[in-house]
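A look at the structure
Given next are the chains, with one letter for each unit.
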Amino acid sequence: MILDAKMPSGPVQDKWDKHRFDMKLINPANKRKFKVLVVGTGLGGAAAAASMAELGYQVEAFTYNDSPRRAHSIAAQGGINAAKNYQNDGDSVWRLFYDTVKGGDFRSREGNVYRLAMVSRNIIDQCVAQGVPFAREYGGLLANRSFGGAQVSRTFYARGQTGQQLLLGAYSALSKEVGGGRVKMHTRKEMMDIVNIDGVCRGIVTRDMVTGKIESHWGDAVVLATGGYGNVFFLSTNAQACNVTATYRAYKKGAAFANPCFTQIHPTCIPVSGDHQSKLTLMSESLRNDGRIWVPKKVGDNRSPELIPENERDYYLERKYPSFGNLSPRDISSRAAKEVCDEGRGVGATGYGVYLDFSTAIARVGQEMIAERYGNLFEMYERITGDNPYKTPMRIFPASHYTMGGLWVDYNLMTTVPGLHAIGEANFSDHGANRLGASALMQGLADGYFILPYTIGNYLAQAPLDKIDTNHAEFKKAEDEASAKINKIMSLKGKRTSTSFHRELGLLMWDKVGMGRNESGIKEALSKIPQIREEFWSNLTVPGSGAELNVSLERALRTADFLEFAELLAWDALERDESCGAHYREEHIHPDGEAKRDDTNFAHVAAWEYQGENIKPVRHQEQLEFENVHLAVRSYK
Amino acid sequence: MKLKLNIWRQKNAKTDGKMTSYQLNHVEEDMSFLEMLDILNEDLILKGDDPVAFDHDCREGICGACSMTINGTPHGPEKETTTCQLHMRKFKDGQTINIEPFRAKAFPVIKDLVVDRNAFDRIMQKGGYISVRTGQAQDANNIPISKKNADLAMDAAACIGCGACVAACPNGAAMLFVSAKVNQFALLPQGQIERKERVIGMVNQMEAEGFGACTNHFECEAACPKSISVKFIAKLNTEYLKATLTKNSF
Amino acid sequence: MLSNFLKSTILSKILVAVTGLLLVLFIVGHTLGNLLVYLGPNAINTYALGLKKLGALLWVVRGGLIFAVLIHIIATIRLTLYNKTAKPINYTVTGYITSTFSSRTMAIAGLTILFFVIYHLLHFTLGVTNPEFMKLETNLHGENVHDVFTMMITGFRNPLVSGFYILAVSFLGLHLNHGVKSLFHTLGIAGPIFTPMIAKISTVFAIVICGALISIPISVMLRIVGGAI
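This structure is a prediction, so every number in the text was calculated from the model and none was measured.

1. Focus on the overall build of chain A
Looking only at helices and strands, chain A has 17 helices and 19 strands in total. Computed over C-alpha atoms, the radius of gyration of chain A comes to 24 Å, within 12% of the 26 Å expected from 2.2 N^0.38 for 637 residues, which places it in the range of a compact globule. With respect to the principal axes defined by its C-alpha atoms, chain A has extents near 75 × 60 × 50 Å. A burial count over chain A gives 67% of its 637 residues as buried.

Right, here's the structure in full:
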């Protein structure tokens, strides 16, 4: 496998313009002869489907939800970055580019990131024109805030619902195209497999989640906008249905999977309350501006927090990182929390939680001011936990949040399978080893609105696309495989539910391949994952039939893929024998606890190629060149 | 906690459904309502029974997928809260809870508590957008918008499209949903060009889908997890009247 | 134009609101007129004569009212039937929060009022049920005029008539309680201060109208008014 990023030559700031000029165009009248299938209708998928339909392509879009408006992009709270420099505080495309490369701990492509920073400006223009009600100043111009420790205010926001408003903007654009008959929308259809014909991706097979029907769909190109795989940890801030199936199927059909071990942990989530827990809820990181994080000094001190005197509390972030204290970066504060809990000093019923205490802030600025700043977050916390954070400290714990890894794509967002594209969180491209706050929305929309609709034309203009339909033998083969898999699951009639397997896998992954990783832990995971998988395929039970709406079958199919994918993630974590960004190998740390990168051996993208069932995949490397941002060590001491 | 659940069970759109009782003996008050149903479903699966189907996804109150009526109130008893954010500590030990799907002609039941809400998507397709070609927008700050109007537009835009308004309305009306989208765009300068076509298109589609008419019960606002105000419905009435009377004028 | 309005639910509602407003104004006038009964025979008979002397104008007003009533009824019946089809199955347990007994009984109350109005017209205005009422005459300032006062007293002495009247007026109160606030909302007059305020005003208004009208048959039966007849 050759990993050719197809990076245009020339200075980084000219690459995209040059590439757009070099790309082949398709005559407007001919565009309607091409059909593109878009799987997933979140920010990336909806934006891409709408933009391509507008250009004149036939588009069919697929979602497993009942409506495109439900995709999990909707849950992003904080905001979206754009290098507009509206605040006149010295921001620029160069600065956003620089911050993103550095924030990604030098594991992303400069060319891609520069393009992202460039089109970030168009995104805001586009969204405002669509009627997205961003926050405004009294003068009527757009408001910005500083986010995630950035030194400039470049984050645009719509209250705490920025993701929702941007998704609804893309959904509106998509609705217009669906209403005009230019996009055919398939709801409640889950992708089961991609179909390659002569090495080129020509379609997908789906399962109708209401009737159970397995159906084939052909296209001239396929776009996967199917999000991340954070649910491999079972508990995460992802939505319940988020899964790896689409990207993992693509991987099994020849698309390289890049950097699967780059998974981001968010430090401020509401901790697990018991075994019944189904998901973790994220609390905005802004809470750390006023809250102080602590745990009891004594192991096993389970007095209620107000009974623990000041001198028996350990404000561990303030102690370990005096200059950043409670505002230390996501990965550092996450790991510190895990450390104190592993020592047995965690709080709450499960012992996996730390206090986020507002009493000092309330004493300083008054309860009213705190209510004004965080009122709705406090309400949400109280709704979920039943505790009043004005009176008793909040309990927080880190949770899996975003996955930087994904399908390997070139500069055109095409995977190693010709015709198969991946956008948004589903690809690996722009965030390197760590994503900055308010950058996920930016990347999803950049890919969907401004990059893919151009680059896909270049592919379609030159690709060898014979006329095909869904009667082709490859479609029948993929349909049969999907049906066989379902039949196998339905015939197992064992004694455990798919949720119990998923939970078992998630606990193992969180424990051994989660926030902090080491060789022996990863190897342990690698030996246990196949055992869980084996039991799954012999002791699973799914009631009902495949020919109806069957929620436990849906879960089982997704869990089956997680059980294979988890091993890939672990392999990647094992072989990336360095710490970088969110990937924290306990063997490679600076004495101060900061991640120790190994640029000599690991300044590359690791892309894994599938070799077959139970065979270790092959790890390919794409070397990363840094011509504009110089390799440097992050330090937050 | 011990609970008795009466749940609407319906195999598919073609068969009749009925209320079925279940007893749950180990409910913890820290569970969310959906986690309580998860527990029930795990039990049902292990017994070889069909688990209760319900729509859900983000479980943090923003995707709008969850759709069930709890003791006659969509999303249950807690104000401004979706079912996924409702926790069992709001219920009493020994209580009986009736769980039914969202009811309206325009939301046919697919299975158990799962209903088809694509009618909302079809309404959106008739004008719930501002036409702007990708990449052709002017600089965002060339369109100043007063903070007041931007905030009001955001109040309307906060709708999560869950359909609780329809489910709560004794008439099965979708006026709150439609009015939220119509008003969001009517309040913004970008929305003016297509203003009349939008309101006429969306309202006509709303009627074609079989949603009822508003008779000002205001149950929709009470059930709305985002507290979208009924004042938008009042505004929709006049928007629609004006648009109908002047659509052919210049 | 009118049929186009009736085809749309929103425009139908606007018709209901506008005609409702006219009917509310009529009810206010009618109630004030009726209250003249407390000032004795001359007052109310003068008022009745005055109305009669309006001649053609009276018929224009009456025509307008009949038209408004017809539109109000046609539109609401259509909407009610339409709304019933939009919610074919209700919940086994209902959990209403903001809707009221008044708001959920608009159709029943409206129909009761309609039947009462028909009877009321046959009774007092057209003299179909009691032709003798039309022949009652009295001398007012030397002129022989229709004795409305005696007609009212005799009419309301019948407990069945008074009972029906009180029942219908009670429904009118329920109808007004929701109808008045509702018409403002339908006509687009709403806001966080106005909407709750008009809801309170509607209730007070409904109680006042209802109380004033019901006091008449009660006073008659207790012989506080017209005891001499």
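2. Describing a nonpolar patch on the surface
Residue and element names in this part refer to chain C. A cluster of nonpolar side chains, namely Leu 51, Leu 54, Leu 57, Val 60 and Val 61, defines an oily patch on the protein surface of about 430 Å² accessible area. Mapped onto the elements of the fold, Leu 51 is located in helix H3 (residues 41–53). Of the residues examined, Leu 51 reaches a relative accessible area of 34% and is grouped as partly exposed.

3. Points about the side chain of Arg 496 of chain A
Within the fold, Arg 496 of chain A resides in the loop between helix H13 (473–492) and helix H14 (498–513). Owing to a relative accessible area of 19%, Arg 496 of chain A belongs among the buried residues under this scheme. Here Glu 504 of chain A takes part through its side chain, which lies 2.8 Å from a polar atom of the side chain of Arg 496 of chain A. Arg 496 of chain A has contacts with Phe 501, Glu 504, Glu 535, Asn 539, Leu 540 and Thr 541 of chain A together with Leu 46 of chain B, leaving out every residue within four places of it along the chain.

4. Structural notes on unusual backbone geometry
All names here are of chain B. One non-glycine residue, Asn 216, adopts positive backbone phi at about 60°. Inspection of the secondary structure puts Asn 216 in the loop between helix H6 (195–208) and helix H7 (219–223). One non-glycine residue with positive phi stands out, namely Ser 227, at about 50°. Tracing the backbone shows Ser 227 in the loop between H7 and helix H8 (231–246).

5. So, the interface of chain C and chain B
Taken residue by residue, the interface counts 37 residues in chain C and 45 residues in chain B. Carbon and sulfur atoms make up 59% of the area that chain C and chain B hide from each other, which totals about 3300 Å². Per-residue buried area on chain C facing chain B is highest for Ile 10, Tyr 91 and His 185 of chain C; these three make up 20% of the total on that side. Linking chain C to chain B there are 0 salt bridges. At the surface where chain C touches chain B, the tally comes to 27 residue pairs in polar contact (both at pLDDT 80 or more). Looking at the side of chain C that touches chain B, its residues break down into 16 nonpolar, 17 polar and 4 charged.

6. Some points on the environment of Ala 223 of chain B
Residue and element names in this part refer to chain B. With respect to the element layout, Ala 223 can be found in helix H7. Expressed as a C-alpha distance, the spacing of Ala 223 and Gly 48, which sit 175 residues apart in the sequence, is 35 Å. Look past the residues within four positions of Ala 223 in its chain and what remains in contact with it is Pro 74, His 75, Ala 164 and Ala 168.

7. Here we look at the domain arrangement of chain A
Residues and elements named next belong to chain A. As far as domains go, chain A holds domain 1 (36–262 + 404–462), domain 2 (266–401) and domain 3 (478–598). When each unit is reduced to the centre of its C-alpha atoms, the spacing between domain 1 and domain 2 is 32 Å. At the interface, 12 residues of domain 1 touch 12 residues of domain 2. Here domain 1 meets domain 2 over a buried area of about 1200 Å², counting both sides, of which 45% is carbon and sulfur. By the criterion of area lost to domain 2, the three top residues of domain 1 are Gln 77, Leu 235 and Thr 237, representing 47% of everything that side buries. Seen at the junction of domain 1 and domain 2, the total is 0 salt bridges. Applying the counting criterion to the domain 1 and domain 2 interface returns 7 residue pairs in polar contact (both at pLDDT 80 or more). Across the side of domain 1 that touches domain 2, the residue classes break down as 3 nonpolar, 8 polar and 1 charged.

8. A closer look at the environment of Gly 521 of chain A
Tracing the sequence through the fold places Gly 521 of chain A in helix H15 (residues 519–539). Taking the C-alpha atoms as reference, Gly 521 of chain A lies 8.2 Å from Asp 511 of chain A; in sequence the two are 10 residues apart.

9. Looking at the confidence of the model for chain C
Averaged over chain C, the pLDDT score is 95; the fraction of residues at 70 or greater is 100%. Reported for the predicted complex are a pTM of 0.96 and an ipTM of 0.98.

10. Observations regarding H3 of chain C
All names here are of chain C. Look at H3: 18 Å from first C-alpha to last across 13 residues, which is about the 18 Å you get at 1.5 Å a residue. Considering only its buried residues, H3 is in contact with helix H2 (9–35), strand S1 (137–140), strand S2 (143–146) and helix H7 (148–157). Following H3 by one or two positions, Gly 55 has its phi on the positive side, about 60°.

11. Considering the interface of chain B and chain A
A common way to express how large an interface is: the accessible area buried when the components associate. Opposite the 75 residues of chain B that make contact, chain A presents 75 residues. Taken together, both faces of the contact between chain B and chain A bury some 6300 Å²; the carbon and sulfur share is 51%. For chain B, the biggest contributors to the area lost against chain A are Asp 57, Thr 134 and Met 154 of chain B; these three give 11% of the whole. Viewed at the interface, chain A and chain B are joined by 7 salt bridges. With its nearest N and O atoms 3.5 Å apart, the salt bridge here joins Arg 117 of chain B to Asp 66 of chain A. Counting across the interface, chain B meets chain A through 47 residue pairs in polar contact (both at pLDDT 80 or more). Among the secondary structure elements, those contributing two or more residues to the side of chain B that touches chain A are helix H1 (33–46), strand S6 (109–111), strand S7 (114–115), helix H2 (118–125), helix H3 (147–157) and helix H5 (175–186) of chain B. Counting residues per element, the side of chain B that touches chain A draws most heavily on H3 of chain B, at 7 residues.

12. Structural notes on the arrangement of the chains
Considering every one of the 2 pairs of chains in contact, the largest contact total is recorded for chains A and B. At the level of C-alpha atoms, the two units chain A and chain C stay apart, their nearest approach being 21 Å.

13. Observations concerning the sheet that holds strand S16 (residues 406–407) of chain A
Residue and element names in this part refer to chain A. Ordered in space as S16-S10-S18-S19, the 4 strands form an open sheet in which the pairing is antiparallel. In this open sheet, the two strands that pair with only one neighbour each are S16 and strand S19 (618–623). Pairing of strand S10 (residues 257–258) with S16 involves 2 bridges; the strand directions are antiparallel. Across the sheet, the residue bridging to Ala 258 is Gly 406, located in S16. Contacting S10, strand S18 (604–609) and S19, helix H16 (residues 551–575) crosses the sheet at an angle of about 145° to S18.

14. Side note on the pattern of salt bridges
All names here are of chain A. For the structure shown, the criterion picks out 69 salt bridges over all chains. Arg 20 is the partner of Asp 17 in a salt bridge, and the nearest nitrogen-oxygen pair spans 3.1 Å. Here the residue Asp 17 and the residue Arg 20 both occupy positions in helix H1 (residues 15–22), the gap between them amounting to 3 residues, near one helical turn. Classification of Arg 20 by relative accessible area gives partly exposed; the value is 33%. Among the ionic pairs, Asp 599 bridges to Arg 597, the shortest N-O distance being 2.8 Å. A residue is classified by how much of its surface remains accessible, and Asp 599, at 24% relative accessible area, is partly exposed.

15. Focus on the packing of H3 of chain C against H7 of chain C
All names here are of chain C. In the contact formed by H3 and H7, the axes pass within 8 Å of each other and the chain directions differ by 110°. Taken together, the axes of H3 and H7 are roughly perpendicular relative to one another. Contacts between H3 and H7 involve Pro 41, Ile 44, Asn 45 and Ala 48 on the former and, on the latter, Val 148, Phe 149 and Met 152. Taken together, the residues of the contact of H3 with H7 sort by class into 6 nonpolar, 1 polar and no charged.

16. Overview of the side chain of Lys 31 of chain A
Residues and elements named next belong to chain A. Of note, Lys 31 is situated in helix H2 (residues 28–31). Put simply, Lys 31 is tucked away with no salt bridge, and the nearest opposite charge, on Glu 54, sits 11 Å away. Setting aside anything within four residues of it in sequence, one finds Lys 31 in contact with Ile 26, Leu 55, Gly 56, Tyr 57 and Gln 58.

17. Some details on the nonpolar core
Grouped together as the largest cluster of nonpolar side chains are 260 residues, with contacts concentrated most on Met 52, Ile 80, Phe 134, Val 232 and Leu 460 of chain A together with Phe 211 of chain B. Leaving out residues up to four positions away in the same chain, Phe 211 of chain B has contacts with Ala 106, Phe 107, Ala 119, Phe 120, Ile 123, Val 166, Gly 172, Ala 173, Ala 174 and Met 206 of chain B together with Tyr 82 and Ala 86 of chain C. Counting 33 residues, the second-largest nonpolar core is a separate cluster that includes Val 37, Leu 183, Ala 206 and Leu 213 of chain C.

18. Regarding the sheet that holds strand S6 (residues 189–197) of chain A
The pairing of strands in a sheet happens through backbone hydrogen bonds and is either parallel or antiparallel. All names here are of chain A. Taking strand neighbours across the sheet as the criterion, the 3 strands line up as S6-S7-S8 in an open arrangement whose pairing is antiparallel. Both edges of this open sheet fall to S6 and strand S8 (214–218), since each of them pairs with a single strand only. Direction aside, the axes of adjacent strands within the sheet are offset by 25° on average. Direction of pairing for S6 relative to strand S7 (residues 200–208): antiparallel, over a ladder of 8 bridges. Counterpart to Ile 194 in the pairing with S7 is Ile 204.

Reading the values: rules and limits
Residues numbered from 1 in each chain as written. Chains lettered and ligands numbered in written order. Predicted model: local features only at pLDDT ≥ 70, side-chain atom pairs only at ≥ 80, totals over all residues. Heavy atoms only, no water. Helix = DSSP H or I, 4+ residues; strand = E, 2+ residues; numbered from the N terminus. Rg over C-alpha atoms; globule rule 2.2 N^0.38 Å. Buried < 20%, exposed > 50% of the residue type's maximum accessible area, 1.4 Å probe, protein only. Patch = residues over 30% accessible without salt bridge, like charges linked within 9 Å, V, L, I, M, F, W, Y side chains within 5 Å. Areas by Shrake-Rupley, 256 points an atom, 1.4 Å probe, with all protein chains shown as cover. Salt bridge = Lys/Arg side-chain N within 4 Å of Asp/Glu carboxyl O. Polar contact = N/O pair within 3.5 Å; in protein donor to acceptor, adjacent residues only side chain to side chain. Contact = heavy atoms within 4.5 Å. Buried area = accessible area lost by both parts, 1.4 Å probe. Nonpolar A, V, L, I, M, F, W, Y, C, P; charged D, E, K, R; others polar. Domains from an automatic or database assignment. pLDDT = per-residue confidence, 0-100. Expected span 1.5 Å × (residues − 1). Pairing = 2+ DSSP bridges. Axes fitted to C-alpha atoms, helices over the stretch in contact; angles between N-to-C directions. Parallel < 35°, antiparallel > 145°, perpendicular 65-115°, else oblique. Lys, Arg positive; Asp, Glu negative; His and termini not counted. Core = buried A, V, L, I, M, F, W, Y, C linked by side-chain atoms within 4.5 Å.

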